[in-house]
Each structure stands twice: as C-alpha cells, then as structure tokens.
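Report on the structure
Here are the chains, one letter per residue:
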Amino acid sequence: MPNPTVVGFSGNFTRPSKTRGFVEQVVKDIARQHGLSASTYDVEDLGPSLGQAKWARDLDEQARAILDKVINADVLVAGSPTYKGSYTGLFKHFFDLIDPAALRGKPVVLLATGGGERHALIVEHQLRPLFGFFEALALSTAVYATDKDFADGVLRSEPILKRVAQAVGEVGLVLANRSGASVAAE
Ligand SMILES: Cc1cc2nc3c(=O)[nH]c(=O)nc-3n(C[C@H](O)[C@H](O)[C@H](O)COP(=O)(O)O)c2cc1C
C-alpha cells in the first residue's frame, strides 16, 4: 500500500513567497511527525491553464496532476496570502474547479499570511467556510502569521510556532483515530 500523503497548496502566485514557505514548513512537520510522504504546490506551479480553465477538464496535464494530488491527499495543508481581506482570487478559482464531494472528510490544516494583524480572522471567516462547503474536516487550530513573524522567509515567531505544533498534533489525533477505526472494522 502506498504511504499516506500530506499535500500543501498555497495561494501565492509570486515568488519568493512567505506563504509557500509557511505551508511547506507545516507540511514537512506533519510528514516528519506522522510518517507521511510530503509535497507542496502553489498557484505558480499550476501554470497558465488555471486562469483559462472553466472546468477541471480544461487544465493542462501539469495542473491536473496537482489537482489530483490535492484531491487524493490523506491530509491537506491549505494556505493563502491575504489579498484584500481574503484568500487570493486564483486560490479560490483552483478550489472552484474541484467537485463539491471530492474533499469530504479530508483533514485540512488552514494557514494564512498577511501584512499585519488586522486580517488574522481570514482563517476563520474566509478559509474555514470554504472547507465547510466541501464538508472537509478543517482542524480546530488554524494559523495566521504576519510579515514580522518571518526572518529571511522562514517562520521564526515562537507563539506562531507553538500554534503550528498544536495543529500538527491535531493531525496526529485524526490519523490515530482513523487507523483505530479501520483496525476495528477489520
Ligand atoms: C494585492 C495585495 C493585497 C493585499 N491585501 C492585504 C490585506 O488585505 N491584508 C493584509 O494583512 N495584507 C495584505 N497584503 C499583504 C500580503 O498578504 C502579505 O505581505 C503576505 O504575507 C504576502 O505573502 P507572500 O509572501 O506569500 O506573497 C496584500 C498584498 C497584496 C500584494
């Protein structure tokens, strides 16, 4: 059986990106602690077919492969920079191409970055309802970081790192619960 996967998807479309680095850091922490295979993508990785696509079938091969990885992930880490108080338009467009039932029950860690504290509730008021629509299992601890929490593009703030550790721990609880449930069903 293939190793379970944790996949990160970040809504940035410029690089270098604090958000992509943040998503990747959390993905790697989850992979290390819970023994999952890790990969991270951003809007830039999807290439130009994303903006043109009205349906998933319109994506080119590279973008379609990323969409399939997100859909098939055992754990998803979804993050976006805050643009005008919300996730980026292309982040939403990517998720608009996904079948409403495709993420049902999937554990999702919600992350966002912003220029300041003012929009910290983007994780609760924008990201959480989006994954609520998909009936995904958005974990309780969502994490928001501002420009000042990073040094050289790497998350350094102790309080934010603590919240990351809490979110990574919650992933472990869900995974343990699921493997317990499948053992019980055998
Ligand atoms: C078009 C645009 C809109 C933005 N809007 C907001 C905003 O509403 N609130 C906020 O806190 N930061 C805002 N920012 C700042 C970015 O969210 C912030 O710098 C973010 O961490 C950048 O992430 P990145 O390095 O991954 O691109 C905006 C930046 C841009 C370019």
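Residues numbered from 1 in each chain as written. Predicted model: local features only at pLDDT ≥ 70, side-chain atom pairs only at ≥ 80, totals over all residues.

1. Side note on the overall build of the protein chain
Counting its secondary structure elements, the protein chain contains 7 helices and 8 strands. Taking 2.2 N^0.38 as the reference for a compact globule, 186 residues should give roughly 16 Å; the C-alpha atoms of the protein chain span a radius of gyration of 16 Å, in line with that estimate. Scored against the burial criterion, the 186 residues of the protein chain give a buried share of 41%. Sequence separation of 24 or more characterises 70% of the internal contacts of the protein chain that already satisfy a separation of 6 or more. (Helix = DSSP H or I, 4+ residues; strand = E, 2+ residues; numbered from the N terminus. Rg over C-alpha atoms; globule rule 2.2 N^0.38 Å. Buried ≥ 20, exposed ≤ 12 C-beta atoms within 10 Å, placed from the backbone. Contact = placed C-beta atoms within 7 Å.)

2. Description of helix 4 (residues 61-72)
In an α-helix there are 3.6 residues to a turn, and that puts residues three or four apart on one side. Over its 12 residues, helix 4 runs 16 Å from end to end, which matches the ideal 16 Å to within 8%, given 1.5 Å per residue. All of the buried residues in helix 4 are Ala63, Ile66, Leu67 and Val70. In an axial view of helix 4, the angular spread of the buried residues amounts to 100°, which keeps them on one side of the axis. Summarising the contacts, the buried residues of helix 4 are in contact with strand 1 (5-10), strand 2 (37-42), helix 2 (43-46), helix 3 (49-52) and strand 3 (75-81). (Expected span 1.5 Å × (residues − 1). Arc of directions from axis to C-beta.)

3. Topic: the site of the ligand
The immediate surroundings of the ligand are formed by 17 residues, with Ser17, Thr19, Pro81, Gly114 and Gly115 found nearest. When contributions to the shell around the ligand are tallied by element, the ones reaching two or more residues are helix 1 (18-34) and strand 4 (107-114). Considering only residue class, the shell around the ligand consists of 2 nonpolar, 11 polar and 4 charged. (Near = placed C-beta within 6 Å. Nonpolar A, V, L, I, M, F, W, Y, C, P; charged D, E, K, R; others polar.)

4. Looking at the UniProt feature "domain: NADPH-dependent FMN reductase-like" (unreviewed entry) in the protein chain
Here, UniProt's "domain: NADPH-dependent FMN reductase-like" (unreviewed entry) annotation points to residues 5-149. The distance separating the terminal C-alpha atoms of residues 5-149 is 28 Å; by composition the span is 39% helix and 23% strand. (UniProt positions renumbered as here; feature names shortened; annotations may be inferred.)

5. A word on helix 6 (residues 122-133)
Here helix 6 spans 16 Å end to end across 12 residues, near enough to the 16 Å set by a 1.5 Å rise per residue. Here helix 6 has its buried residues at Ile122, Val123, Leu127, Leu130 and Phe131. Angularly, the buried residues of helix 6 cover 95° about the axis, an arc narrow enough to put them on a single face. Exposed positions of helix 6 whose direction lies more than 90 degrees from the buried face are His125, Pro129, Gly132 and Phe133. Residues of helix 6 that are buried sit in contact with strand 3, helix 5 (89-96), strand 4, strand 5 (137-138) and strand 6 (143-146). Of the residues flanking the end of helix 6, it is Glu135, one or two places downstream, whose phi is positive at about 55°.

6. So, the environment of Leu137
Relative to the helices and strands, Leu137 is located in strand 5. C-alpha of Leu137 to C-alpha of Asp42: the two residues are 95 residues apart in sequence and 21 Å apart in space.

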